[in-house]
10 protein chains.
Amino acid sequence: MLKGIPKILSPELLKVLCEMGHSDRIVIADGNFPAESMGKDAIVIRCDGHGVPELLDAILQVIPLDTYVDKPMNLMEVMPGDPVKTPIWDTYKEIVAKHDERGAACVGNIERFQFYEEAKKAYAIIATGESAVYANVMLQKGVVIN
Amino acid sequence: MLKGIPKILSPELLKVLCEMGHSDRIVIADGNFPAESMGKDAIVIRCDGHGVPELLDAILQVIPLDTYVDKPMNLMEVMPGDPVKTPIWDTYKEIVAKHDERGAACVGNIERFQFYEEAKKAYAIIATGESAVYANVMLQKGVVIN
Amino acid sequence: MLKGIPKILSPELLKVLCEMGHSDRIVIADGNFPAESMGKDAIVIRCDGHGVPELLDAILQVIPLDTYVDKPMNLMEVMPGDPVKTPIWDTYKEIVAKHDERGAACVGNIERFQFYEEAKKAYAIIATGESAVYANVMLQKGVVIN
Amino acid sequence: MLKGIPKILSPELLKVLCEMGHSDRIVIADGNFPAESMGKDAIVIRCDGHGVPELLDAILQVIPLDTYVDKPMNLMEVMPGDPVKTPIWDTYKEIVAKHDERGAACVGNIERFQFYEEAKKAYAIIATGESAVYANVMLQKGVVIN
Amino acid sequence: MLKGIPKILSPELLKVLCEMGHSDRIVIADGNFPAESMGKDAIVIRCDGHGVPELLDAILQVIPLDTYVDKPMNLMEVMPGDPVKTPIWDTYKEIVAKHDERGAACVGNIERFQFYEEAKKAYAIIATGESAVYANVMLQKGVVIN
Amino acid sequence: MLKGIPKILSPELLKVLCEMGHSDRIVIADGNFPAESMGKDAIVIRCDGHGVPELLDAILQVIPLDTYVDKPMNLMEVMPGDPVKTPIWDTYKEIVAKHDERGAACVGNIERFQFYEEAKKAYAIIATGESAVYANVMLQKGVVIN
Amino acid sequence: MLKGIPKILSPELLKVLCEMGHSDRIVIADGNFPAESMGKDAIVIRCDGHGVPELLDAILQVIPLDTYVDKPMNLMEVMPGDPVKTPIWDTYKEIVAKHDERGAACVGNIERFQFYEEAKKAYAIIATGESAVYANVMLQKGVVIN
Amino acid sequence: MLKGIPKILSPELLKVLCEMGHSDRIVIADGNFPAESMGKDAIVIRCDGHGVPELLDAILQVIPLDTYVDKPMNLMEVMPGDPVKTPIWDTYKEIVAKHDERGAACVGNIERFQFYEEAKKAYAIIATGESAVYANVMLQKGVVIN
Amino acid sequence: MLKGIPKILSPELLKVLCEMGHSDRIVIADGNFPAESMGKDAIVIRCDGHGVPELLDAILQVIPLDTYVDKPMNLMEVMPGDPVKTPIWDTYKEIVAKHDERGAACVGNIERFQFYEEAKKAYAIIATGESAVYANVMLQKGVVIN
Amino acid sequence: MLKGIPKILSPELLKVLCEMGHSDRIVIADGNFPAESMGKDAIVIRCDGHGVPELLDAILQVIPLDTYVDKPMNLMEVMPGDPVKTPIWDTYKEIVAKHDERGAACVGNIERFQFYEEAKKAYAIIATGESAVYANVMLQKGVVIN
């Protein structure tokens with residue numbers, strides 16, 4: 001643990017977030033996302049038992065979202081015809097608003113199978129224990145200005 | 001994640017608990033325990049951000065405590081003269097009572113420096129984010145009877 | 001060994017099943033399946049000496065079959081003209097029926113060479129000692145709801 | 001699988017048995033033996049789900065017991081005062097008699113803690129799923145005369 | 001060394017032969033075959049100093065040839081115009097006849113450059129010290145019926 | 001790079017500082033310290049070209065010094081008879097005073113050869129390019145209270 | 001550290017520069033460049049906390065720029081419409097002029113996305129803490145004449 | 001060192017030459033050749049400080065050149081318009097004539113960029129300290145007849 | 001294979017013999033010697049299926065025996081009371097006489113358990129398939145004078 | 001190769017010399033020194049085919065000898081009664097005099113078996129092809145002052 005850094009960020013996750021540069025992406029995957037198989041070419045970090053919101057909030061304390069693109073944060077789009085509700089998205093947007101002045105406006109959607117393809121190319125995938133559905137988040141890191 | 005198994009147990013932790021045999025020990029360390037240095041000869045499993053109680057409860061759902069010894073679960077003894085309170089110990093004892101009929105009677109104490117020596121010989125050490133003090137737990141696995 | 005978990009599931013197999021997410025596939029291969037060469041890009045787990053039925057039964061105790069597809073379990077189709085009988089398929093269907101309410105209806109077939117191609121892309125392949133022919137099984141994991 | 005070789009012998013186990021020379025020892029451990037921690041300096045081979053008798057029988061088909069010592073096969077002695085019965089020992093002795101003309105006469109006992117010390121120095125330890133108690137076996141390989 | 005198994009089969013070779021399944025292929029290469037470069041994606045086993053015939057004979061004692069194809073054993077075809085004689089092929093055919101009732105009928109030829117391409121996809125390549133020319137052999141494993 | 005964290009802290013150094021627990025020690029070694037040989041059993045982190053003061057200042061922003069001991073920071077004592085001056089020590093003390101209220105009072109000295117022995121047991125050693133003499137620093141991490 | 005060699009050059013960086021041959025390229029990346037993801041197939045060397053100019057100056061002391069091409073040193077071209085200023089480029093050109101008689105004339109530009117593609121094929125990427133924008137440099141090594 | 005074998009051949013180089021089979025190629029690269037980057041998929045052997053002639057002479061003592069091709073030894077062709085002289089080629093031809101009766105007749109040229117492509121596919125690349133230009137040599141191993 | 005070097009010497013064995021220096025020892029072990037367990041700290045080279053004499057003869061062609069000691073070659077002494085005959089020793093002595101002018105005079109004996117202790121400290125152990133008893137040989141390398 | 005650095009220094013040797021700190025030692029071993037076995041706990045660098053003098057000269061161009069001890073360079077003492085001459089020692093002393101003003105005065109001797117013990121603790125051992133006897137050199141690195 002370190003002073004002033006959320007303790008949910010493991011040493012390895014901190015290292016990975018620090019290694020990432022401008023435009024690199026990281027996926028915070030829910031508990032049913034096939035993180036290990038999608039992440040064969042990526043770094044997979046286990047955060048079993050944690051929900052996505054607390055990780056999202058902690059991560060956004062240490063990395064900025066990319067301001068060079070309109071939608072530096074993306075969610076997996078609900079499949080056409082699927083009646084499921086995604087109340088966790090509102091939570092995500094509130095968290096983003098705490099860290100990025102664009103708020104919900106910088107949150108986009110990616111069609112499900114396109115999301116998988118993008119996830120395979122991410123720098124890292126975090127495997128959480130989030131039980132909500134359609135709860136995966138993909139973040140694109142911005143420029144750090146100290 | 002698996003059916004009927006607490007999702008806080010990561011794939012690797014599940015593997016380690018399954019590998020352990022009768023009399024092997026595992027330490028659930030609090031957030032300030034020097035888990036990595038003590039665990040140089042052990043398997044270190046990161047559970048950053050989690051408290052000890054939820055891990056203890058989950059672990060005792062899948063491994064029995066050793067019935068061949070009187071104190072299969074041990075806490076780090078408070079240093080003489082240290083006025084600190086350890087209310088988390090009561091929580092631990094309630095959790096043990098849910099899983100072992102001996103309840104608090106099977107919970108012992110180990111003097112601080114002896115605890116360190118024992119920890120170095122454990123099969124595995126779990127690094128949590130538990131912020132309570134004197135919150136380390138050492139468990140000795142019993143015989144599994146299917 | 002762990003409480004309440006079939007002891008035929010080795011620590012590594014348990015870890016792999018737990019790592020798998022929604023839509024990941026695992027092959028339970030019979031004793032003559034070229035598991036190591038097909039599994040060059042997969043995780044190969046040795047279960048020499050065991051039959052497929054006991055493994056299938058144990059695995060279905062901890063992972064659900066995918067409900068998003070009609071046939072989350074597939075067998076290797078008998079080659080046209082091959083007079084061989086596959087009584088073990090009935091056993092498989094009885095086992096599935098114990099764990100999934102769709103029963104035999106969710107069991108499909110894949111043509112032999114297509115089966116090989118699919119197996120190469122599976123997350124893991126289990127090499128058993130099953131001596132029955134056409135006894136390979138491919139399972140697709142569903143969503144775990146705790 | 002190979003022609004004429006028991007299929008319970010995995011490729012790795014076969015390799016290990018073949019690598020062993022005169023006087024090397026191998027432990028066939030029951031399901032509660034702490035095989036991984038005792039075997040830190042040895043080769044540990046997982047045979048989860050199998051009983052000791054079928055492995056013992058298969059192994060003695062390919063390696064001879066040492067004829068240079070009186071007791072090339074040893075069991076873990078029952079602790080003084082322990083009323084437990086060990087009927088599996090009779091099974092073991094019948095199996096030995098099939099492969100070694102000395103029969104039960106070449107089976108000895110080693111006191112429990114001494115057994116642990118010897119196990120740590122063995123060439124390999126096989127982790128089985130045997131549920132019988134005091135069911136561990138230590139074998140010492142003899143000279144192979146083709 | 002093991003009882004009843006030819007001692008020319010090293011522990012690693014035995015393991016590889018056991019790992020192979022139905023339709024996997026292994027090359028027994030002569031001393032001038034570029035085994036290491038052809039075998040970059042395969043397992044290369046060194047048997048320096050041995051001839052191909054003794055290895056062929058030993059290997060066919062533990063694995064069956066594939067009965068699903070007409071030519072489960074193949075030799076490298078002599079280049080058009082090359083006046084070289086290949087008396088070792090007769091030896092090979094005698095050895096095959098000892099182990100497979102089809103005898104020489106199940107031995108085919110593969111054109112030289114095609115042979116190289118096939119060799120690169122084999123499960124394993126054995127590098128021998130065979131000094132005869134055109135002495136490479138490719139075997140396809142059949143179904144083991146215990 | 002991360003928001004709010006000194007950019008001189010590399011991803012790996014950040015990971016190591018985060019892994020350290022209460023009482024673990026880290027050495028910030030000057031450019032002539034035999035960091036690689038002393039650190040054979042430790043983690044060695046290269047920070048070539050940097051001075052010790054900027055690293056010390058950055059590190060104390062993320063880890064607290066141990067309050068359980070009087071001297072959680074130690075310098076290598078000047079050898080008896082050596083007339084060398086160590087003005088960098090004053091810089092160190094000013095830096096410490098910024099981060100720990102005990103200031104220079106918590107800075108001790110360790111005799112040269114004892115320092116080497118302690119360094120060998122540290123969790124990590126940072127190899128800098130500091131050209132000042134007697135400029136090595138050993139820090140002992142305290143309890144992190146978020 | 002070595003006599004006469006800039007101490008900012010770490011042992012590993014020195015090794016990499018020495019390994020490079022005629023026409024090999026190395027990128028000195030600024031602090032926000034995605035060095036780790038671009039460098040998946042390259043060697044990535046961490047120089048956190050350092051600026052690009054001091055590294056450029058040190059590197060050009062030990063490697064010559066390629067004289068077989070007109071532009072052995074390349075900068076990332078400013079995106080069309082981007083009003084950003086790049087004063088650090090003047091610094092770079094002064095440094096080059098100290099080491100190569102062609103001076104600024106041998107410094108070219110590469111369009112941003114082409115720069116990324118070239119960077120992926122470089123022999124090595126150095127990750128610095130440079131905070132200036134458009135501050136990445138790609139060098140092509142020339143022939144060393146002792 | 002070994003009796004009767006040139007001591008310039010390191011243990012690893014000897015091993016590599018011995019592993020090579022008929023038609024495998026090895027490059028003896030001059031000091032400016034990008035051996036490490038060209039040899040990413042090959043085995044790279046460092047012979048820093050040595051010239052190519054002494055290595056060529058030593059290597060031809062232990063491996064024959066391929067007699068199945070006209071030009072088993074190839075040099076990098078001088079670029080059109082390049083006035084450079086290559087006196088070292090005469091030395092090479094004298095060395096070849098000592099070991100192969102075809103002498104200079106078996107030495108060919110490969111166009112520069114084609115040479116790079118071929119080098120990438122060689123079994124091994126030797127990095128020397130040869131300072132002559134256009135001094136790279138590619139050898140194709142022949143059949144060894146003991 | 002290499003010109004003029006016995007083809008029974010594998011690439012790895014050749015490398016090991018070349019790496020050995022003055023006074024290093026190598027054991028040529030018979031087929032029942034526990035080569036892998038004795039060689040845990042040594043390099044173990046498999047030469048399954050070969051006898052000791054052909055290896056001894058080949059090895060003495062490339063390494064000299066140590067002339068600084070009286071007995072650079074040692075055999076395992078027959079146990080007191082053991083009536084076994086060791087005719088293979090005569091073969092060994094004839095082979096030695098071909099390569100070292102001291103002949104049988106430089107061949108000594110080491111008591112069995114002392115031999116084991118010495119073997120553990122050898123640089124390498126060769127595991128052969130030699131079926132003769134008391135057939136192990138330990139060689140001490142001398143100075144190579146080219 | 002690098003500008004201004006002797007090309008006999010390989011990339012790895014340069015790295016090792018740079019990693020060494022004040023008081024670390026490196027052995028430049030002659031061709032018969034058992035470098036690999038003595039260097040089991042050290043870094044062994046192959047410089048086959050080179051003599052010790054050219055390496056000594058190159059190394060002293062980049063590292064200073066330790067001025068804190070009287071004899072930072074040591075030779076292996078001739079065994080009592082051995083009439084061998086060591087003319088190479090004069091060459092060594094001339095080389096030292098070029099780089100260290102103390103000249104031959106800083107060159108000491110270490111008794112043979114003590115030399116072996118010290119060599120085992122060195123940071124690195126360089127294996128050369130030097131054929132002179134008693135030609136081993138042990139250097140102790142001093143403080144680098146840029």
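The structure under discussion appears in the preceding block.
Procedures and definitions
- Residues numbered from 1 in each chain as written.
- Chains lettered and ligands numbered in written order.
- Predicted model: local features only at pLDDT ≥ 70, side-chain atom pairs only at ≥ 80, totals over all residues.
- Heavy atoms only, no water.
- Contact = heavy atoms within 4.5 Å.
- Buried area = accessible area lost by both parts, 1.4 Å probe.
- Salt bridge = Lys/Arg side-chain N within 4 Å of Asp/Glu carboxyl O.
- Polar contact = N/O pair within 3.5 Å; in protein donor to acceptor, adjacent residues only side chain to side chain.
- Helix = DSSP H or I, 4+ residues; strand = E, 2+ residues; numbered from the N terminus.
- Pairing = 2+ DSSP bridges.
- Axes fitted to C-alpha atoms, helices over the stretch in contact; angles between N-to-C directions.
- Buried < 20%, exposed > 50% of the residue type's maximum accessible area, 1.4 Å probe, protein only.
- Phe/Tyr/Trp six-rings, centres within 6.5 Å; stacked < 30°, edge-to-face > 60°.
- Expected span 1.5 Å × (residues − 1).
- Arc of directions from axis to C-beta.

Q: Help me get a handle on the interface of chain C and chain B, residues and values and all.
A: In this complex, chain C contributes 24 residues to the contact, which on the side of chain B involves 24 residues. Overall, the association of chain C and chain B removes approximately 2000 Å² of surface from exposure, summing both partners, and the carbon and sulfur fraction of that is 66%. Considering only the surface of chain C that becomes buried against chain B, M1(C), L2(C) and K3(C) emerge as the three largest contributors, covering 33% of it. The tally of links between chain C and chain B comes to zero salt bridges. For the pair chain C and chain B, the number of links is eight residue pairs in polar contact (both at pLDDT 80 or more).

Q: Hey, could you go over the environment of A127(C) for me, with residue numbers and the actual values?
A: Its location among the elements puts A127(C) in strand 5 (residues 124-128). Excluding its chain neighbours within four sequence positions, the residues that come into contact with A127(C) are A29(C), A35(C), I45(C), R46(C), C47(C) and D48(C).

Q: With reference to specific residues and values, describe the arrangement of the chains.
A: Regarding chain D and chain G, which are not in contact, the minimum distance between any of their C-alpha atoms is 33 Å. At the C-alpha level, the nearest point of chain G lies 24 Å from chain I, with no contact between them.

Q: So what about the sheet that holds strand 3 (residues 73-76) of chain H? Which residues, and what values?
A: Remark on secondary structure: sheet strands pair via backbone hydrogen bonds, oriented parallel or antiparallel. Residues and elements named next belong to chain H. Pairing in this open sheet of six strands is mixed, and the strands run 2-5-1-6-3-4 from one edge to the other. Each edge of the sheet is formed by a strand with only one pairing partner; in this case those strands are strand 2 (43-47) and strand 4 (107-110). If you compare each strand with its neighbour and ignore which way they point, the axes differ by 25 degrees on average. Inspection of the sheet shows strand 1 (residues 25-29) paired to strand 5 (residues 124-128) by four bridges, in the parallel sense. The residue of strand 5 that forms the bridge with I26 is A124.

Q: I'd like a description of the pattern of salt bridges, backed by residues and values.
A: Evaluation of the coordinates by the stated rule reveals 70 salt bridges over all chains. Note that D100(A) and R102(A) form a salt bridge whose closest N and O atoms lie 3.0 Å from each other. The shortest N-O distance in the salt bridge between E117(E) and K120(E) comes to 3.3 Å. With a gap of three residues between them, E117(E) and K120(E) both fall in helix 5 (residues 112-120), about one helical turn apart. One network of salt bridges, in which partners are shared, links E36(A), R46(A) and D48(A).

Q: Help me get a handle on helix 1 (residues 11-19) of chain E, residues and values and all.
A: Among the nine residues in helix 1 of chain E, seven count as buried, and that is most of the element. All of the buried residues along helix 1 of chain E are P11(E), L13(E), L14(E), V16(E), L17(E), C18(E) and E19(E).

Q: Break down the interface of chain J and chain G for me, with residues and values.
A: Tallying the contact residues gives 23 residues for chain J and 23 residues for chain G. Both sides of the chain J and chain G interface together cover about 2000 Å² of buried area, and 66% of this is carbon and sulfur. Broken down residue by residue, the surface that chain J buries against chain G is led by M1(J), L2(J) and K3(J), which jointly contribute 34%. On inspection of chain J and its partner chain G, the count reaches zero salt bridges. Our count for the contact surface shared by chain J and chain G stands at eight residue pairs in polar contact (both at pLDDT 80 or more). Elements that contribute at least two residues to the side of chain J that touches chain G include exactly helix 1 (11-19) and helix 3 (52-62) of chain J.

Q: Explain the packing of aromatic side chains to me, and be specific about the residues and the numbers.
A: The full count for this structure, using the stated rule, is 30 aromatic pairs over all chains. Pairing F113(J) with Y116(J) gives two aromatic rings, centres 6.0 Å apart and planes at 65 degrees, and the pair type is edge-to-face. On the criterion of helical spacing, the pair formed by F113(J) and Y116(J) is a turn pair, its members being three residues apart in helix 5 (residues 112-120). We classify Y116(J) as buried; its relative accessible area is 10%. The structure contains a cluster of three or more aromatic residues connected by ring pairs, namely F33(A), F113(A), F115(A) and Y116(A).

Q: Which residues make up helix 4 (residues 88-99) of chain G, and what are the values?
A: All names here are of chain G. A rise of 1.5 Å per residue sets the reference length of helix 4, with its 12 residues, at 16 Å; its end C-alpha atoms lie 17 Å apart and thus fit the reference within 8%. Of the residues making up helix 4, those classed as buried are I88, W89, Y92, I95 and V96. Looking straight down helix 4, one finds its buried side chains confined to an arc of 120 degrees; they lie on one side. The exposed set on the far side of helix 4, more than 90 degrees from its buried face, consists of E94 and K98. Buried residues along helix 4 sit against helix 3 (52-62), strand 3 (73-76), strand 4 (107-110) and strand 6 (137-140).

Q: Provide a residue-level description of unusual backbone geometry, including the pertinent values.
A: For S23(F), which is not a glycine, the phi torsion comes out positive at approximately 90 degrees. Within the element layout of this structure, S23(F) appears in the loop between helix 1 (11-19) and strand 1 (25-29). The class for S23(F) is partly exposed, based on a relative accessible area of 25%. Positive phi outside glycine occurs at Y134(J), with the angle close to 45 degrees. The topology assignment puts Y134(J) in the loop between strand 5 (124-128) and strand 6 (137-140). Here Y134(J) falls in the buried class, since its relative accessible area comes to 10%.

Q: Tell me about the environment of D48(D), residues and numbers included.
A: Here D48(D) shows up in the loop between strand 2 (43-47) and helix 3 (52-62). When its relative accessible area of 9% is taken as the criterion, D48(D) is described as buried. Distance in space between the C-alpha atoms of D48(D) and I126(D) is 9.1 Å, their sequence separation being 78 residues. Beyond its immediate chain neighbours, meaning those up to four positions away, D48(D) contacts K7(C), I8(C), S10(C), P11(C), H50(C), A127(D), T128(D) and G129(D).

What is shown is where atoms sit, not what they do.
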